[in-house]
Amino acid sequence: MNAAGLAGAAALGFPRPALAQGEPLRIGWLAAMTGPSSAPTVGFNRGVVFAVEAINGAGGVKGRKVELVTRDSQGDPTKAVNAVQEMISQAKVHAIWGPTNSGEALAVTPIMARAKMPNIHPCVIDSLIDPAKYPNAFRIAPSNTQWDDAVRSYCLKVLKVKRVAVIGDTTGYGVTAAKASGAAFKQDGAEVVYLGNIDSTQPDMTPDLLRARNAGAEVIVVWSVSTGMDARLFNTRARMGWDVPFVGHPSMASGEIGGLLEKPANWDKVYAVGYRSCSYDEAGKLTPRSEEFVGRLKGKVALADTLLWWVAAGYDAVSLIAKAVEETGSSAPDAIVKHWNGLTQYPGIFGDYTYTPTQHNGYPTEEVVMSAANSGRDGSFRLAPGYS
């Protein structure tokens, strides 16, 4: 692939002759398409479908059509386990993309490891990547440590706060992320005045925010993929007349939050994890690679109600699987894994990925930044105040 990035299926190196009659390349897509954790998956899915259509439109992978095997886990770890087992034993997929929820990934990653199934996912819990335990699992997005470091640095160095409230939802991800975030803030000298977990379907956030305010919190750090929960927190803050900033998970910048707010101003002073590849400059321009990608999506893939990085990462995940098969000429698990282990600055849309046999966290740390959550435009964002 050329250094200019994924400029369409042709840039992926896929041949254009008519499809061969050989076995399809089956990619499992473990997707929480419905349920409270569905917001990221909707965006990922758009990128996945766009990539599959582009590859197949260009002749497939060495003449093999890409066949997407999608299963809706609904964000439920038990359903995710059942879906993975079915993908492996019955659908006979060659690689699996997903899940997109860390709670599910904690349940299914060991299963895929035992089956030696090549797996690429965006789940952020650090323990999900361990080349010794899970030599087949690769992360396409930052780890939670990378997210947490960016959030903590912004709170302490840019906002210059000392007293922090940390809130997570009650999923496996929310509990783990909130606990790790609170510990890291304490280690860096901040006072964690409130640490709690909230059911993402809880209708009234007032008791939790009252406890945080009464404890003297100067910032609310949120770890949840639930946009409904985020919107209720923002609405509650406004009704309380509290000017505290929110900082945290990328879902706080999801376009669908706009329709859940009691008034647009409730989204002010909300800073979500973002990425330089999906951030626009003062002139409103993205990086050249992302600008070109958005141009190709126009009229085909909606971005107004999702995040560009979700779409880009879904596109990149399919491309990474297809490129491994195209380069090696094989869809065997060991061939795919070996190819990924040798990637250095693979030019995706979301980022440049580098993997080795001992490092399966492939996303560059320097690309993780904070975004102004209410500045969304085509799924991309303006950098939060304080960045050069």
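Definitions and limits used
Residues numbered from 1 in each chain as written. Predicted model: local features only at pLDDT ≥ 70, side-chain atom pairs only at ≥ 80, totals over all residues. Heavy atoms only, no water. Phe/Tyr/Trp six-rings, centres within 6.5 Å; stacked < 30°, edge-to-face > 60°. Lys NZ or Arg CZ within 6 Å of the ring centre and 35° of its normal. Pairing = 2+ DSSP bridges. Helix = DSSP H or I, 4+ residues; strand = E, 2+ residues; numbered from the N terminus. Axes fitted to C-alpha atoms, helices over the stretch in contact; angles between N-to-C directions. Domains from an automatic or database assignment. Buried area = accessible area lost by both parts, 1.4 Å probe. Salt bridge = Lys/Arg side-chain N within 4 Å of Asp/Glu carboxyl O. Polar contact = N/O pair within 3.5 Å; in protein donor to acceptor, adjacent residues only side chain to side chain. Nonpolar A, V, L, I, M, F, W, Y, C, P; charged D, E, K, R; others polar. Right-handed = clockwise from strand over helix to strand, strands pointing away. Expected span 1.5 Å × (residues − 1). Buried < 20%, exposed > 50% of the residue type's maximum accessible area, 1.4 Å probe, protein only. Contact = heavy atoms within 4.5 Å. Core = buried A, V, L, I, M, F, W, Y, C linked by side-chain atoms within 4.5 Å. UniProt positions renumbered as here; feature names shortened; annotations may be inferred.

On to the packing of aromatic side chains, then. All told, the structure shown has 20 aromatic pairs when counted by the stated rule. Members of the aromatic cluster, each reached through a chain of ring pairs, are Trp29, Phe44, Trp97, Trp147, Tyr275, Trp309, Trp310, Tyr346, Phe350, Tyr353 and Tyr363. Above the ring of Tyr280, the side-chain terminus of Arg377 is found at 4.3 Å from the ring centroid.

Now for the sheet that holds strand β10 (residues 270-275). Think of a sheet as strands paired side by side through backbone hydrogen bonds, with each pair either parallel or antiparallel. With respect to topology, six strands assemble into an open sheet ordered β7-β6-β8-β9-β10-β14, the strand pairing being mixed. Every other strand in the sheet has two partners, leaving β7 (191-198) and β14 (368-372) as the edge strands with one partner each. Sheet twist, expressed as the mean angle between neighbouring strand axes with direction ignored, is 25°.

Glancing now at the domain arrangement of the chain. Looking at the chain, the domain boundaries give domain 1 (25-143 + 292-364) and domain 2 (145-282 + 369-383). Computed from C-alpha atoms alone, the centre-to-centre distance between domain 1 and domain 2 is 27 Å. Summed over both sides, the interface of domain 1 with domain 2 buries roughly 2,000 Å², with 63% coming from carbon and sulfur. Counting across the interface, domain 1 meets domain 2 through zero salt bridges. Applying the counting rule to domain 1 against domain 2 returns eight residue pairs in polar contact (both at pLDDT 80 or more). Where the side of domain 1 that touches domain 2 is concerned, the elements lending two or more residues are α1 (39-57), α3 (102-114) and α9 (308-328). Sort the elements by how many residues they give to the side of domain 1 that touches domain 2 and α9 lands first, with three residues. Across the side of domain 1 that touches domain 2, the residue classes break down as 17 nonpolar, five polar and two charged.

As a further point, take the pairing of β7. As judged from the seven bridges shared by strand β6 (residues 163-169) and β7, these two strands associate in the parallel manner. Bridge pairing links Val164 to Val192 in β7. A crossover connection joins β6 to the parallel β7 through helix α5 (residues 172-187); in handedness this β-α-β unit is right-handed.

On to α3. At 3.6 residues per turn, the α-helix brings residues three or four places apart onto the same side. For α3, with 13 residues, the first-to-last C-alpha span of 19 Å sits near the 18 Å given by 1.5 Å per residue. Of all the residues in α3, the buried ones are Ser102, Gly103, Glu104, Ala105, Val108, Thr109, Ile111, Met112 and Ala113. Looking at the buried side of α3, the elements it contacts are β1 (25-31), α2 (77-91), β3 (95-97), β4 (119-121), β5 (137-139) and α5. Among the residues of α3, the N-terminal cap falls to Asn101, whose side-chain oxygen and the backbone nitrogen of Gly103 are separated by 2.7 Å. Phi for Lys116, located one or two positions after α3, is positive at around 55°.

Formed by 109 residues in total, the largest nonpolar core has its most connected members in Ile120, Ile220, Trp309 and Phe350. A domain-level breakdown of this core finds at least three residues from each of domain 1 (25-143 + 292-364) and domain 2 (145-282 + 369-383). Those residues in contact with Trp309, other than ones at most four positions away along the chain, are Phe44, Ala141, Trp147, Pro250, Tyr275, Cys278 and Phe350. Of all hydrophobic cores here, the second largest spans 14 residues; its members include Ala83, Val84, Val93 and Ile96.

According to UniProt, the positions carrying the feature "domain: Leucine-binding protein" (unreviewed entry) are residues 24-361. Between the end C-alpha atoms of residues 24-361 the distance is 29 Å, and the span holds 42% helix and 17% strand.

Along the polypeptide, Asp188 turns up in the loop between α5 and β7. Residues Asp188 and Arg152, spaced 36 residues apart in sequence, show a C-alpha to C-alpha distance of 8.8 Å. Apart from residues no more than four positions distant in its own chain, Asp188 is found in contact with Arg152 and Leu156.

With that out of the way, let us pick up the sheet that holds β1. Strand order in this open sheet of five strands is β2-β1-β3-β4-β5, and the pairing throughout is parallel. The open sheet is flanked by β2 (66-72) and β5, the only strands paired with a single partner. Direction aside, the axes of adjacent strands within the sheet are offset by 20° on average. In terms of strand pairing, β4 meets β5 through three bridges, oriented parallel. Within β5, the position partnered with His121 by the bridge is Arg139. Along the sheet face, α9 touches β1, β3 and β4 and points at about 170° away from the line of β3. Each of β3, β4 and β5 is contacted by helix α10 (residues 333-341), which is oriented at about 35° to β5, the strand it contacts most.

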